[in-house]
Amino acid sequence: MKPRALGSNFATIFAIIWALVVALLLAHNAYLWLGQRIAPDTDILALLPVQERDPILQKSFTQMVDAAQQRAVVLVGAKDWADAKRAADAYTAVLASHPDLIESIQVNDKTQADWLSQFQQHSLILMSAGQEAQLNSKPAQFWLDSALSKLYSPFGGPKLGAWRDDPFGLFSGWMQERAQETPVRPRDGHLFVANTEKQFVLLPLTLKVPAFSIAAQQAMLPLLAQAKAAALQTAPAAEVITAGVILHAAAAGQQASGEVSTIGVGSLLGIIVLMWFSFRSFKPIALVMLSIAIGCLGAISLCWLFFERIHLLTLVFGASLIGVAQDYGLYFLCNRLTADPKLNSTQLLKSLMPGLLLTLLTTVIGYMGLALTPFPGLRQMALFSGLGLVFAWLTVVCWFPLLITAESLKSGALLRVNGAVLRYWPLLRLNTASGLGLALFALVVAFGCTRLGVNDDIRLLQNSPPQLISDQLKLSKLLDAPTPVQFFLVRANSVEGVLQREEALRRKLDPLISQHTISGYQALSNWVPSAQTQALRAQLIQEKLLNDGKVLSQLATQIGEDAAWVADTRTHLLAAGDVLTLEAFLQTPASEPWRHLWLGQSQGKGEYASIVALRGLSYADLPLLQHAGSGLDGVQWVDKVAEISSVLGRYRAYMGWVVLASYLLVYALMFPRYRRHTWRVLLPTALASLATLAIFGYAGQNLQLFHVLALMLLLGVGVDYGIFMQEQPDRRDATGWTTVGLSAASTILSFGLLGLSKTPALQAFGLTMLIGTALVWLIVPIFGKEKTHAKN
């Protein structure tokens with residue numbers, strides 16, 4: 001059998017095998033999408049790094065976020081309380097018709113009575129911190145006057161139950177202190193909060209569907225809009241403030257879905273137009289689109305097998321893959337157009353394989369750089385893009401030689417113009433003009449880079465709609481809600497140890513409340529004192545108030561009661577001295593708002609842990625709070641914003657070194673083929689990367705991790721252009737330049753549209769790729785080879 005026939009047979013076999021693989025991909029994608037087994041994930045936290053070295057720390061952050069994740073909060077307000085109530089009732093009436101989606105927490109007299117009864121059984125040992133200090137410092141007469149005031153004066157303070165149940169007001173004082181943890185109060189069967197302008201009904205809502213489910217968002221948002229419309233129809237002057245994770249997730253999902261369409265459709269249309277003006281035929285367009293489509297199908301299938309869920313931002317980023325995956329098809333088509341018509345496509349592919357293989361390796365290396373970060377989202381994007389390129393490349397290698405012949409291609413006007421332009425492009429030579437040009441370039445780039453700053457603050461990546469942020473700020477101010485991203489983590493070897501350490505921390509935080517650094521804190525030890533504190537309090541009450549001859553006996557004399565009354569009252573009060581345990585508290589309905597503060601026992605170390613959340617803190621006071629727990633065993637300050645920002649900064653520097661190492665790796669891969677001309681392949685991309693950084697410096701942009709990650713990908717894409725040019729023995733041969741022009745134009749279209757993304761991380765990535773790719777395209781012909789140097 002002749003070698004040509006043998007090669008043709010192998011090509012046919014590979015094409016059939018690849019057709020079977022593509023059929024499997026089609027079937028698997030149909031199974032995923034038609035069976036609704038794949039739903040893009042909109043949880044932005046899924047993109048963030050996991051704290052693997054400290055699972056308790058990671059759990060604390062996850063639990064704080066999860067506590068808010070399945071809740072939404074609505075405030076319905078008006079100047080008149082009656083209007084606010086009517087509007088709130090209309091709002092809840094709409095929600096009541098969908099109990100499968102959402103549940104509204106109801107408050108009535110029975111709810112409050114049940115809540116109170118849980119603590120009255122332990123009223124002897126429940127008192128405020130101020131009252132405990134007064135027991136230690138105030139004389140007996142103070143407590144006698146206090147008890148008489150509460151008995152006879154209508155203004156003697158709040159009363160919970162009969163006077164005899166709490167004659168000294170200790171339990172009432174504790175309840176009043178707990179009420180100060182929130183400005184919300186029960187009123188007329190509603191939860192009430194107010195500012196100087198309006199009175200609001202608070203509607204705490206619990207979602208019964210996952211907040212990050214796109215289907216749930218599509219069901220919930222119209223329902224909330226309908227409820228708001230009903231409230232405003234009932235009271236036109238009312239104000240409705242809504243906040244919740246589901247609203248931010250839905251906004252991010254809608255934005256990302258729109259960007260997938262814009263970037264994907266825009267890239268495709270741009271590539272189709274370019275291909276038409278280049279080849280004047282639909283067949284090359286269809287084949288390039290086919291390779292891109294198979295790349296996307298393969299990426300989706302394998303990503304789903306690896307992750308079982310695909311983030312929506314991965315699909316947004318993957319839409320830009322269109323501008324890169326078509327490079328291989330373009331390279332083959334341009335060479336088929338200019339090659340000897342007598343050379344069949346299988347033989348042509350064999351001659352192009354070294355260049356094609358190197359372009360795939362370098363681009364995949366660029367994408368795999370993303371996988372070296374601790375961000376699960378970036379790893380998924382890297383795998384999605386890398387796999388997409390491999391599948392697109394295999395489609396070109398297995399099918400294009402059989403489907404494309406020399407006769408099926410025609411040269412369009414764009415190719416002729418592009419080739420003509422190349423004749424006027426400057427070429428690097430060992431002369432004065434080249435030296436001056438390089439010196440000027442170096443000077444301009446160096447000055448621009450010195451102006452480049454860095455900013456790794458994760459808050460710069462926030463992009464929720466202004467209305468949602470405004471409502472969130474209003475609600476936080478009204479409710480004095482704690483932040484879920486800054487708190488104290490308290491650990492110990494036992495539940496008792498955790499409560500004792502919380503109490504030690506609270507003693508350090510109390511002065512900060514007096515100084516208005518914070519407005520308060522939420523801690524489980526507010527509700528359940530440690531057993532040690534409970535025992536000390538019980539002993540203190542007996543010694544100061546209840547023992548014979550103490551305040552209780554003096555009180556009996558003042559109100560005309562005998563010794564039997566004293567004994568009976570003492571027994572009655574001591575009966576409410578049972579030890580309150582954390583386990584018992586967590587099983588009561590009253591604990592529901594605070595359960596997320598308890599982390600329980602870790603599986604590894606056996607430690608117990610809890611969270612102390614802070615209210616009313618400002619970013620200016622974070623350094624002071626950071627040191628508030630200094631010197632306390634088992635107390636750790638957690639600032640997730642600072643932690644993630646620190647990770648971003650650390651990996652920005654780390655990925656900078658990875659980019660440099662990747663240049664060395666790519667150089668080593670290129671050297672066996674290009675030898676002394678290898679620098680010509682790499683230098684255009686390196687210069688374009690430096691120039692891109694300089695442009696950001698002149699524009700006043702701060703460098704972020706996502707700029708550096710884009711430079712990593714730019715290495716892979718830019719080196720492809722260097723390979724295309726160096727594969728031609730003479731720069732004046734327009735084949736390589738044409739391939740570079742079409743590839744660069746397509747990449748610029750894809751990443752240019754990504755640069756328009758409202759997601760700041762993707763925008764930074766897209767702008768870097770847009771500018772960098774354009775610069776590589778402009779620079780790479782300067783380093784081309786002339787025929788006179790071919791023997792060097």
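Before going into details, it helps to say that this report is about the structure given with it. Keep in mind that this is a model prediction, so the values were computed, not measured. (Residues numbered from 1 in each chain as written. Predicted model: local features only at pLDDT ≥ 70, side-chain atom pairs only at ≥ 80, totals over all residues. Heavy atoms only, no water.)

Turning our attention to a nonpolar patch on the surface. Taken together, the side chains of Phe-10, Ile-13, Phe-14 and Ile-17 make up a nonpolar region of the molecular surface, amounting to roughly 400 Å² of accessible area. For Phe-14, the location among the structural elements is in helix H1 (residues 3-34). A relative accessible area of 47% means that Phe-14 is categorised as partly exposed. (Patch = residues over 30% accessible without salt bridge, like charges linked within 9 Å, V, L, I, M, F, W, Y side chains within 5 Å. Areas by Shrake-Rupley, 256 points an atom, 1.4 Å probe, with all protein chains shown as cover. Salt bridge = Lys/Arg side-chain N within 4 Å of Asp/Glu carboxyl O. Helix = DSSP H or I, 4+ residues; strand = E, 2+ residues; numbered from the N terminus. Buried < 20%, exposed > 50% of the residue type's maximum accessible area, 1.4 Å probe, protein only.)

Now for the pairing of strand E1 (residues 71-78). Each regular strand displays side chains that alternate between the two surfaces of the sheet. Burial within E1 is extensive, with six of its eight residues counted as buried. Direction of pairing for E1 relative to strand E5 (residues 199-207): antiparallel, over a ladder of eight bridges. Following the sheet pairing, Arg-71 is matched in E5 by Thr-206. Alignment of E1 against strand E6 (residues 239-244), held across six bridges, turns out to be antiparallel. Directly across from Gly-77, in E6, lies its bridge partner Glu-239. (Pairing = 2+ DSSP bridges.)

Another point: the environment of Arg-336. The topology assignment puts Arg-336 in helix H13 (residues 327-338). Residues Arg-336 and Glu-407 lie 71 residues apart in sequence; the distance between their C-alpha atoms is 9.6 Å. With residues up to four places along the chain from it excluded, the contact list for Arg-336 reads Pro-341, Leu-343, Asn-344, Ser-345, Leu-348, Ile-404, Thr-405, Ala-406 and Leu-409. (Contact = heavy atoms within 4.5 Å.)

So, about the pattern of salt bridges. By the definition in use, this model includes 14 salt bridges. Arg-537 is paired through a salt bridge with Glu-132; the nearest N and O atoms lie 3.2 Å apart. You can see Arg-537 sitting in helix H21 (residues 531-546) and its partner Glu-132 sitting in helix H5 (residues 129-137), a full 405 residues away along the chain. Note on Arg-537: relative accessible area 6%, which makes it buried. A salt bridge links Lys-474 to Glu-239; its shortest N-O distance comes to 3.2 Å. Residue Lys-474 is located in helix H18 (residues 466-479), and its partner Glu-239 is located in strand E6; the two are separated by 235 residues in the primary sequence. Each of Glu-177, Arg-178 and Glu-181 takes part in a single network of salt bridges with overlapping partners.

Both trends apply: most residues other than glycine have a negative phi, and most peptide bonds are in trans. For Asp-480, which is not glycine, the phi dihedral falls at a positive 50°. Along the chain, Asp-480 turns up in the loop between H18 and strand E8 (482-492).

Among the secondary structure elements, Glu-181 is positioned in the loop between helix H7 (170-179) and strand E3 (185-187). Among the residues examined, Glu-181 registers a relative accessible area of 5% and is labelled buried. Separated by 3.0 Å, the side chains of Glu-181 and Asn-526 make a polar contact. Once residues lying within four places of it in the same chain are set aside, the contact partners of Glu-181 are Tyr-521, Gln-522, Asn-526, Trp-527, Trp-594 and Arg-615. (Polar contact = N/O pair within 3.5 Å; in protein donor to acceptor, adjacent residues only side chain to side chain.)

All right, on to the environment of Leu-343 then. Along the chain, Leu-343 turns up in the loop between H13 and helix H14 (345-368). Put simply, Leu-343 and Thr-405 are 62 residues apart on the chain and 9.5 Å apart in space, counted from C-alpha to C-alpha. Sequence-distant contacts of Leu-343, that is, excluding residues within four places in its chain, are made with Arg-336 and Leu-348.

Turning to the packing of aromatic side chains, a few remarks are in order. Counted under the stated rule, the structure contains 19 aromatic pairs. Ring centres 5.8 Å apart and planes at 85° place the aromatic pair Trp-174 and Trp-527 in the edge-to-face group. Of this pair, Trp-174 sits in helix H7 while Trp-527 sits in helix H20 (residues 524-527), placing them 353 residues apart in sequence. Measuring from ring centre to ring centre gives 6.1 Å for Trp-527 and Phe-585, while their planes differ by 15°; the resulting arrangement is stacked. Here Trp-527, found in helix H20, pairs with Phe-585, found in helix H24 (residues 582-586); they are 58 residues apart in sequence, far enough to count as distant. There is no split in this pair, since Trp-527 and Phe-585 are both buried. (Phe/Tyr/Trp six-rings, centres within 6.5 Å; stacked < 30°, edge-to-face > 60°.)

Moving on, we come to the packing of helix H10 (residues 282-307) against helix H15 (residues 376-403). Helix-helix packing is characterised by the crossing angle of the two axes and by the distance between the axes. At a minimum axis distance of 7 Å, the contact between H10 and H15 shows a crossing angle of 140°. The angle between H10 and H15 falls in the class oblique. Once H10 is placed against H15, the crossing between them reads as right-handed. Looking at the contact of H10 with H15 residue by residue, the classes come out as 19 nonpolar, six polar and one charged. (Axes fitted to C-alpha atoms, helices over the stretch in contact; angles between N-to-C directions. Parallel < 35°, antiparallel > 145°, perpendicular 65-115°, else oblique. Left-handed = near helix turned anticlockwise from the far one by under 90°. Nonpolar A, V, L, I, M, F, W, Y, C, P; charged D, E, K, R; others polar.)

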